[in-house]
Amino acid sequence: MDWIEIKIYTTSQGIEPVTGLLMTLGINGMIVEDPEDLEAFLASPQARRWDYVDEALLERRGQEADIRVFLPENQQGKSQLAQLGRALEQLKADPAAREYGRLSWAPSQVKETDWANNWKAFFKPFPVGRRLVIKPTWEKWLKEDERIILEIDPGSSFGTGQHHTTRLCLELLERYTGPGMQVLDLGCGSGILFIAALLLGAERAAGVDIEEHSARTAAENAAQNGISPKRYAGFTGDIVSDSQFRKSLGWGRKQYDLITANIVADVILAMAPFFDGFLKEDGRLLISGIIDQRLEEVCQALDCQGFALAERLGSADWNALAFVKKEVAGNEG
C-alpha cells in the first residue's frame, strides 16, 4: 500500500494542540520534530559525551516545528485528508491559535518501502514504567536488566508506545494486569497494548480495530513476541454501530477482566454505554487519549454508566484513566 505523507508546520507551542486535533480525527501515528527538543539535547551532558552530532540534526536549528503523519492512499485516507484540511483551517481562524505558527500543510506521495524506512529512523528502544522496554524489531536492547522486552513493528498500523497516551496506558497495564486475566483491547492498532498485557501475565486477549490491516499487523507483532495464536484473537469491526459484532465479542456476558481503549474522547464517549456489558463485575477499564480539556466530560459520562475513577496518570496535557464499577469502588473504600 502506498501512503500520503502530510507535513504540518507549526511552533513548539502548537505541537500539543495539533497532535490533539489529529487524534480526534483518528490519526494516531505521527512524527514530531521540535527544534526546542534539539536545543535541549545539545545543551545536555548526554550530547557532550557524543563524538559527533549528525549535521542533518544541526540543520534543524532555528527552523519551524513540524508534525508528519501518514495516511493510506485509499478512500479512507483521502477522506481523512479532507477532514484534516478543514480542521486546520478552523484552527487557524481561532485568534488563540496565533502562537501556533502558520499551520500550513503539504501532502506528498510515499511508497510503502519508503514509509517503512522513514518510520524506522525515528523509532528507537525505550523503557516504559518499571517492567517494560519497547523495542523495534530492527534494533537491539543492550541493557542487562529484568525488563520485559516487547518487540513492535508498526507496519501499516500505528502504535509504538512513543506517544504520551500509549506510554501512560502501558504504565496502567503494569499496575492492573494479573495472571489468568482475559483482556479486550478496543482500537488495538499495532497490538502493543494487548501484547503487553499477555507478556505481563494475562492468559488471553482479543484485539479489535476498525481497520483490517491493524488486525493483521497486530497478529504479526504478537508472533514476533513469541505469543501463541491460541492466546489472542484479532477482530475487525465497530462495537458502537454493529450490534451483531458486539455480541460476537462477548457483549452481555461480562467475561473480560480488563478493557483497554487508547483512542480519543469522542470515541470513548460513543463506546461508554457498552463497556459494562463486556467487563466482569470486579474488572478494570483502562482508557487513554484524553486531553485535559475533555477529562471532566469523559469522567462524567463514565460516571453515568456506573463507573468510578480509580486512578489517573497524566503527561503533557494527556491523561490515562483507570475505572472500576461503582459497587467495587465502594467495597474497596
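Placed above this text is the structure.
We now turn to the structure provided with this report. Here the structure is a predicted model, which is why all the values come from computation and not from measurement.

Thresholds applied
- Residues numbered from 1 in each chain as written.
- Predicted model: local features only at pLDDT ≥ 70, side-chain atom pairs only at ≥ 80, totals over all residues.
- Heavy atoms only, no water.
- Helix = DSSP H or I, 4+ residues; strand = E, 2+ residues; numbered from the N terminus.
- Polar contact = N/O pair within 3.5 Å; in protein donor to acceptor, adjacent residues only side chain to side chain.
- Contact = heavy atoms within 4.5 Å.
- Phe/Tyr/Trp six-rings, centres within 6.5 Å; stacked < 30°, edge-to-face > 60°.
- Buried < 20%, exposed > 50% of the residue type's maximum accessible area, 1.4 Å probe, protein only.
- Lys NZ or Arg CZ within 6 Å of the ring centre and 35° of its normal.
- Pairing = 2+ DSSP bridges.
- Axes fitted to C-alpha atoms, helices over the stretch in contact; angles between N-to-C directions.
- Core = buried A, V, L, I, M, F, W, Y, C linked by side-chain atoms within 4.5 Å.
- Expected span 1.5 Å × (residues − 1).
- 1 Å grid on protein atoms, 1.4 Å probe; cavity = no way out; pocket = protein on both sides within 12 Å on 5 of 7 lines; lining within 4 Å.
- Points joined across faces, edges and corners; volume = space filled by probe spheres on them.
- Nonpolar A, V, L, I, M, F, W, Y, C, P; charged D, E, K, R; others polar.

**Topic: the side chain of asparagine 221**
- By the element assignment, asparagine 221 lies in helix 9 (residues 212–224).
- Side-chain polar atoms of asparagine 221 contact the backbone oxygen of serine 190, separated by 3.0 Å.
- When neighbours within four sequence positions are excluded, asparagine 221 is seen to be in contact with Glu151, Ile152, Asp153, Ser190 and Ile195.

**Concerning the packing of aromatic side chains**
- In the structure shown here, the tally under the stated rule is 3 aromatic pairs.
- Aromatic pair tryptophan 251 and phenylalanine 274: ring centres 6.2 Å apart, planes at 70 degrees, arrangement edge-to-face. Placement of tryptophan 251 in the loop between helix 10 (243–248) and strand 11 (256–262) and of phenylalanine 274 in helix 11 (residues 265–278) is noted, with a sequence separation of 23 residues between them.
- For tryptophan 251, a relative accessible area of 30% translates into the label partly exposed.
- Under the relative-accessibility criterion, phenylalanine 274 is labelled buried at 13%.
- Taking NZ or CZ as reference, arginine 102 lies 4.6 Å from the ring centre of tyrosine 9, over its face.
- For the cation-ring pair, arginine 246 lies above tryptophan 251, with the distance from its terminal atom to the ring centre recorded as 5.2 Å.

**Let's talk about the sheet that holds strand 7 (residues 148–152)**
- Taken in spatial order, the 3 strands make up an open sheet running 5-6-7, and their pairing is mixed. Across the chains shown, the open sheet's two edge strands, defined by having one partner strand only, are strand 5 (126–128) and strand 7. Averaged over all adjacent pairs, the angle separating strand axes in this sheet is 30 degrees, with direction ignored.
- One ladder, built from 3 bridges, connects strand 5 with strand 6 (residues 132–136); its direction is antiparallel. Note on strand 6: the bridge partner recorded for phenylalanine 126 is isoleucine 134.
- On the sheet, helix 7 (residues 164–176) packs against strand 5 and strand 6 and is oriented at approximately 50 degrees with respect to strand 5.

**Observations concerning the nonpolar core**
- Formed by 52 residues in total, the largest nonpolar core has its most connected members in Leu22, Leu186, Phe275, Leu285, Ile287 and Leu302.
- For leucine 22, the contacting residues outside a window of four places in its chain are Ile8, Ile27, Met30, Ile67, Val69 and Leu84.
- In this structure, Val128, Cys169, Leu198 and Ala222 belong to the second largest nonpolar core, which totals 34 residues.

**Here we look at helix 7**
- End to end, helix 7 covers 19 Å across 13 residues, agreeing with the expected 18 Å (1.5 Å per residue, within 8%).
- The complete set of buried residues in helix 7 reads Thr165, Thr166, Leu168, Cys169, Leu170, Leu172, Leu173, Glu174 and Tyr176.

**Quick look at empty space enclosed by the protein**
- In this structure the tally under the stated criterion is 1 cavity of 30 Å³ or more.
- Estimates place the volume of the largest cavity at around 50 Å³.
- Lining the largest cavity are Gly20, Thr24, Val264, Ala265, Gly289, Ile291, Arg294 and Trp318.
- Counting residues per element, the ones that place at least two in the lining of the largest cavity are helix 1 (15–24) and strand 12 (279–291).
- When grouped by side-chain class, the residues that make up the lining of the largest cavity number 4 nonpolar, 3 polar and 1 charged.

**Looking at the layout of surface pockets**
- Its volume calculated, the second largest pocket comes out at about 340 Å³.
- Forming the walls of the second largest pocket are 15 residues, and the residues nearest its centre are Pro17, Gly20, Leu21, Ile291 and Gln293.
- Along the lines of polarity and charge, the residues of the lining of the second largest pocket split into 7 nonpolar, 5 polar and 3 charged.

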